[in-house]
Amino acid sequence: MATGTQISVCRIKIKGKFFIRHLKPVLFIFEFVLYNIHDKSKILSIEIKKGKDPMTIEPAKRARGFLQDNMKKGGCASSFNTKSDGGSGASIATPVTQNEKGQATKQRRWEQRMEKKRIAKEQAILLAEDRRKQDEAFMREAIRQAGRAAAVGDVPIGCVVVHKGQIIARGYNRRNADKSVLSHAEISAIRKACKKLGDWRLEDCVLYVTLEPCPMCAGAIVQARIPRVVIGCTNPKAGCAGSVLDMLHQPGFNHQAETETGILGEECSLIMKEFFQDLRHTKKTGVQ
């Protein structure tokens, strides 16, 4: 058997006197064409043709091109494997079992599923990175508000409320300046945000605060229906987002907020430490 493309043709001709005399001569030709294309695969095709004279009908000259196109589009499936016949260079066709076809299909589908998972994982990583960068940018603004609190002699706590990617309210701690227990950074920012949106519900907003909210501020967050809270550093003595209590995730409440802690946590913690160090030094030396 020579190398290259091999074609084997078997024709079955059906003809009868009745068809010749009374009807148009009809010829059904079944061409079983076995191709070995570059020793890669075997393809079995059936071609049906009609004609007046069986001897004038030419074999399918475009069968090979048709089959190659279908192979590229996935239209034809191979039913044979090829093996090399020693040193002669000839190829021997061996039929593919149903089990081998099933294993190949399983492998292909498994690879497709793994590729989809890999793409989804990469997209999730990119989204998480973009969200982290956005959170850090808004937290820096909250830190600037905390600096304003320190400038008036209050504990440096700052807060911003973001709606659809835009800051709509800012607040900082003014408890000593206003001589009011209600002048916390979160309360001030929530009040301004409600006035800005004209509604007490802040369901499409994100609150950024440098220090974990106290019981009063955590309750205000729940009452305002804020869906997400981003926290700089924890508050071990009075924090109610997981440190002492977890008021933002109480299943008995009619609202729970998603929380994320540690965004620029070192910077938020540092400004608190520096403030109290300066305060102790002032009390010790008596120098303002």
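Anything mentioned here points back to the structure above.
The notes below deal with the structure included here. As a convention, each chain's residues are numbered from 1 in the sequence order in which they are written. Since the coordinates come from a predicted model, pLDDT governs what is reported: local features require at least 70, and pairs of side-chain atoms require 80 or more to be given and counted, while whole-chain, interface and lining totals use all residues. As a rule here, side-chain values cover all heavy atoms of the structure and leave hydrogens and water aside.

**Here's the deal with the overall build of the protein chain**
Piece 1. Strands are runs of DSSP state E lasting at least 2 residues, helices are runs of H or I lasting at least 4, and numbering of each runs from the N terminus. Counting secondary structure elements, the protein chain contains seven helices and nine strands.
Piece 2. Only protein chains enter the calculation, and the probe is 1.4 Å; a residue is then buried if its accessible area is under 20% of its type maximum, exposed if over 50%, and partly exposed in between. Taking all 288 residues of the protein chain together, the buried fraction comes to 33%.
Piece 3. Whether two residues are in contact is decided by their heavy atoms, any of which lying within 4.5 Å being enough. Summarising the internal contacts of the protein chain: among those between residues at least 6 apart in sequence, 53% fall at separations of at least 24.
Piece 4. Here the open area of atoms and residues is found with the Shrake-Rupley method and a 1.4 Å probe, where only the protein chains shown may cover a residue. For the protein chain, the computed accessible surface area is about 18,800 Å², with 54% contributed by carbon and sulfur atoms.

**Quick notes on the layout of surface pockets**
Piece 1. Its volume calculated, the largest pocket comes out at about 540 Å³.
Piece 2. For the largest pocket, the lining is made up of 21 residues, of which Val 155, Ile 157, Leu 211, Asn 235 and Met 272 are closest to its centre.
Piece 3. Breaking the lining of the largest pocket down by element, the ones donating at least two residues are helix H5 (185–197) and helix H7 (265–285).
Piece 4. If you tally residues by element for the lining of the largest pocket, the top one is H7, at three residues.
Piece 5. Of the residues belonging to the lining of the largest pocket, the class tally is 12 nonpolar, five polar and four charged. Definitions used throughout: a 1 Å grid over protein atoms alone; a cavity as a set of points that fits a 1.4 Å probe which cannot get out; a pocket as an open set with protein on both sides within 12 Å along at least five of seven lines; a lining residue as one with an atom within 4 Å of a point. Grid points are joined across faces, edges and corners, and a volume is the space filled by probe spheres set on the points. Gly is put with the polar residues, along with every residue not named as nonpolar or charged; the nonpolar set is Ala, Val, Leu, Ile, Met, Phe, Trp, Tyr, Cys and Pro, and the charged set is Asp, Glu, Lys and Arg.

**Topic: the pattern of salt bridges**
Piece 1. The term salt bridge refers to a pairing of a side-chain nitrogen on Lys or Arg with a carboxyl oxygen on Asp or Glu at a separation within 4 Å. Tallied over the full model, the rule gives 12 salt bridges.
Piece 2. A salt bridge links Glu 141 to Arg 144, with the shortest nitrogen-to-oxygen separation between them at 2.6 Å. In this pair, Glu 141 and Arg 144 both sit in helix H3 (residues 98–151), three residues apart, roughly one turn of the helix.

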